[in-house]
Amino acid sequence: MADASTRSILCRYFLSNTCRDGDQCRFSHDRTTGIVDNVCRYFQKGSCRYGARCRYDHIRKHSNGNKELISKGRQFKNDVNQNPHSAGPMDLPQYSGKFLTTSDVSSGSTSSVRTEGKSFVDSVRGAISKEDAETARLAGLPLCEYHMISGVCPDKRCRAVHGDLCEICSKYILHPHNPELNTQHQKNCRETHEKYAELAAAIARSAKLQCGVCMDIVLDKEPELSRRFGILENCSHVFCLTCIRRWRQVKNVDVKSARGCPECRTPSDFVTPSAYFVEGGDDKLALITGYKNALSSKDCKYFNRGKGTCPFANKCFYKHALPDGTPAPDAGPPTTRRRYDANGHFQEFAPDMLVMQMYDVMMPSRDEMDSDFSFEYSFDNSFDFDYEDDDVDVTDDYDDDDDMSPD
Amino acid sequence: MANIAMQRIRREFKEVVRSDEQSIKLELQEDNVLSLTGYITGPEKTPYEGGRFHVQITIPETYPFNPPIVKFTTKLWHPNISSQTGVICLDILKDQWAAAMTLRIVLLSLQALLSAAEPDDPQDAVVANQYKTKHSLFQQTARFWAQTFAGAPGPLNPDFQKKIDKFLEVAPRADRHTAIQQLSNFDWNIDKAIEDVYKSD
């Protein structure tokens, strides 16, 4: 009965544990050496009712002997490797078809069994002993998802591996046969945990901080949306975002005062929103850089994709891009002009100021858009980046455009 | 956002009440949180020593983003305070206001203003002129005002008393306040003071 041509091909029935032929089977029952045959026979005969969704490869044979792949089926899976339960996402990387793919998971490790492109089986066939193969087989088995989450598996016949408890994430996710995977998981888990711990510590540190303007404890404010800090660039005084922004827009106070810290008067060019307070140092730098990056991905509404002019020119934090996505040519630094008014007083004014004022008159409904626009120009020579009616937040969702609605 | 203003004032009020500082005091006016009376005592080694000066504080709706409106209700002889209306010229109550400042700071600043006048940035030009040109007369006048209007202790200047009485004899329609104001404005030169009264009549 044995047929040499089929002896090396892995038995499909054996893989799903349904082969009735046992030792008499014409196909290989050896998972370590058998070659996976993943060609759809129905397609070969001319019609496969599953079409592109077929789990097998649709390969057309040409008369000249060449083969052309029409559609790639699902990877022919060693059924034991498939999760016996639902195919929901797992925390562990999914095993892909090939008998052993620990190499995918532990990439970067120094494992000698690591392979590129080829299946593990091909690369090490004959080179490892039976025990190694068994260890490798066990290591490749997937974890039971039910057990992973709760520690209990309702399926008595479950063929997946029941993992050990990871104490950091409280999941039964440690593979009993695959230490490499465990090390990887624990490393990731620890990193995530540390990140959360840092964030929690930062929020805890900010818990009692009082805004210097409204004197409320920032993280106790109502509504919840207002529980944010406004971090000034050049000093470390605590303010809530709403207050510091409002202060910077105050009109009948000296512009230098308004642009300065309400406590120490140190001038800062812009305010960075944050869910927790950062004192200074690298954290602050990272926060500000993150904020600027977030802004630079948003279109500038003054530049308006080339249709308008932005008075901040190349100093604008927002994106200046043309409709096709190409960055706009460098507009140079922002310009102000100087002149003496009728009384001989020295004045600063922006070239577009008159235009802007006309715009205000013509389109009063958009006054909130220009709220700090004419203001900044009617005063000082220092260029300011308080573009504050529009708000992008790096720590929160981008959900707070109403933030500065007039009171 | 009167809300912020109200909350802030309540907190600041408590802050001043709790603090041990004897020299400043704050009182609410008629249950209206946005209208207060402040008291400061005159700083030592100044003509105002021992006097108790009242200020009226009106909190704008936009407080603390705009400064409180403060003026003296006690009459005061000082270059930076109007001797007629009590209006104060102090930068932090104008364009140098900062949102983190409190009423306590304002009252302490007013006290500081009493001990260190700025005659070059005057509110009352007459007083400022006297301050610069006849400093000892300024000090006597300021002392006399503090004793008369702010209850500062010590005997009143008899020379000034006499001049006031004489002024009131000549101009019987004027009251004592007017007499003091008028005489102070003219460096206690009674002839000029009376002349001015008749001129304006």
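Residues numbered from 1 in each chain as written. Chains lettered and ligands numbered in written order. Predicted model: local features only at pLDDT ≥ 70, side-chain atom pairs only at ≥ 80, totals over all residues. Heavy atoms only, no water.

Asks: Honestly, the overall build of chain A in this entry has me stumped. Any pointers?
Replies: The secondary structure content of chain A amounts to 13 helices and eight strands. In chain A, which comprises 407 residues, the proportion classed as buried is 40%. Across chain A, the fraction of contacts at a sequence separation of at least 24, relative to all contacts at a separation of at least 6, is 46%. Total accessible area computed for chain A in this model is approximately 23,800 Å², and 51% of it derives from carbon and sulfur atoms. (Helix = DSSP H or I, 4+ residues; strand = E, 2+ residues; numbered from the N terminus. Buried < 20%, exposed > 50% of the residue type's maximum accessible area, 1.4 Å probe, protein only. Contact = heavy atoms within 4.5 Å. Areas by Shrake-Rupley, 256 points an atom, 1.4 Å probe, with all protein chains shown as cover.)

Asks: Got a minute to help me understand the pairing of strand E2 (residues 32-41) of chain B in this structure?
Replies: The two faces of a sheet get side chains in turn, since along a regular strand they alternate between them. Residues and elements named next belong to chain B. Across the ten residues that make up E2, a large majority, eight, are buried. Taken together, the six bridges between strand E1 (residues 24-29) and E2 define a ladder with antiparallel strand orientation. Note that in E2 the partner of Lys-25 across the bridge is Tyr-39. Connecting the antiparallel pair E1 and E2 is a turn made up of two residues, with Glu-30 showing a positive phi of about 45 degrees. (Pairing = 2+ DSSP bridges.)

Asks: Explanation requested: a nonpolar patch on the surface in the structure shown.
Replies: A surface patch of nonpolar side chains, about 300 Å² in accessible area, is lined by Tyr-196, Leu-199 and Ile-203 of chain A. With respect to the helices and strands, Tyr-196 of chain A occurs in helix H8 (residues 179-206). (Patch = residues over 30% accessible without salt bridge, like charges linked within 9 Å, V, L, I, M, F, W, Y side chains within 5 Å. Salt bridge = Lys/Arg side-chain N within 4 Å of Asp/Glu carboxyl O.)

Asks: It is not clear to me how the layout of surface pockets should be interpreted in this structure. Could you clarify?
Replies: A probe matching the size of a water molecule, rolled over the atoms, marks out where space remains unfilled. Residue and element names in this part refer to chain A. Estimated volume of the second largest pocket: approximately 520 Å³. Forming the boundary of the second largest pocket are 21 residues, of which Leu-199, Ala-202, Tyr-276, Val-278 and Asp-283 lie nearest the centre. Listing elements by their share of the lining of the second largest pocket, those giving two or more residues are H8 and helix H11 (281-296). The element contributing the most residues to the lining of the second largest pocket is H8, with eight residues. Classifying every residue of the lining of the second largest pocket gives eleven nonpolar, four polar and six charged. (1 Å grid on protein atoms, 1.4 Å probe; cavity = no way out; pocket = protein on both sides within 12 Å on 5 of 7 lines; lining within 4 Å. Points joined across faces, edges and corners; volume = space filled by probe spheres on them. Nonpolar A, V, L, I, M, F, W, Y, C, P; charged D, E, K, R; others polar.)

Asks: Hey, could you run me through the nonpolar core in this one?
Replies: When a protein is soluble and globular, its nonpolar side chains tend to lie buried together. Membership of the largest hydrophobic core comes to 82 residues, with the highest contact counts inside it found for Leu-110 and Phe-167 of chain B. If one sorts the elements of this core by residue count, helix H4 (residues 135-149) of chain B sits on top with seven residues. Taken domain by domain, the makeup of this core includes at least three residues from each of domain 1 (3-115) and domain 2 (128-200) of chain B. Phe-270, Ile-288, Tyr-291 and Phe-312 of chain A belong to the second-largest nonpolar core, a separate cluster that totals 13 residues. (Core = buried A, V, L, I, M, F, W, Y, C linked by side-chain atoms within 4.5 Å. Domains from an automatic or database assignment.)

Asks: Looking at this model, I keep getting lost on the UniProt feature "active site" (unreviewed entry) in chain B. Mind explaining?
Replies: Residues and elements named next belong to chain B. With numbering matched to this structure, UniProt assigns "active site" (unreviewed entry) to Cys-89. Relative to the elements of secondary structure, Cys-89 occurs in the loop between strand E4 (69-72) and helix H2 (103-115). With residues up to four places along the chain from it excluded, the contact list for Cys-89 reads Asn-80, Lys-94, Leu-113, Asp-121 and Gln-123. (UniProt positions renumbered as here; feature names shortened; annotations may be inferred.)

Asks: Would you explain the confidence of the model for chain A in this entry?
Replies: Residues shown with low pLDDT carry predicted positions that ought not to be read at fine detail. All names here are of chain A. Per-residue confidence for chain A gives a mean pLDDT of 70, with 64% of residues at or over 70. No element of chain A has a lower mean pLDDT than helix H13 (residues 373-378), which averages 34, and none a higher one than strand E5 (residues 229-232), which averages 91. Confidence drops under a pLDDT of 50 for residues 75-116, and excluding neighbours within four residues, the segment shows 90 contacts in the predicted structure. Below a pLDDT of 50 lies the segment residues 350-407, which in the model reaches 134 contacts outside its immediate sequence neighbourhood of four places, other chains included. (pLDDT = per-residue confidence, 0-100.)

Asks: Just checking my understanding: could you explain the UniProt feature "zinc finger region: C3H1-type" (unreviewed entry) in chain A for this structure?
Replies: Mapped onto this structure's residue numbering, the UniProt feature "zinc finger region: C3H1-type" (unreviewed entry) falls at residues 5-32, 39-61 and 294-323 of chain A. Helix makes up 10% of residues 294-323 of chain A and strand 0%, with an end-to-end C-alpha separation of 19 Å.

Asks: Sorry, what's going on with the interface of chain A and chain B here?
Replies: A common way to report how large an interface is uses the accessible area buried once the components associate. Contacts between chain A and chain B engage 17 residues on the former and 20 residues on the latter. For the pairing of chain A and chain B, the buried interface totals around 1,600 Å² over both sides, and the portion due to carbon and sulfur atoms is 56%. If you sort the residues of chain A by the area they bury against chain B, Met-215, Arg-246 and Arg-265 of chain A come out on top, with a joint share of 34%. If you look at where chain A meets chain B, you find one salt bridge. With its nearest N and O atoms 2.8 Å apart, the salt bridge here joins Asp-216 of chain A to Arg-11 of chain B. Element by element, the count of residues in the side of chain A that touches chain B is highest for helix H9 (residues 241-248) of chain A, at three residues. Grouping the amino acids of the side of chain A that touches chain B by side-chain chemistry returns eight nonpolar, three polar and six charged. (Buried area = accessible area lost by both parts, 1.4 Å probe.)

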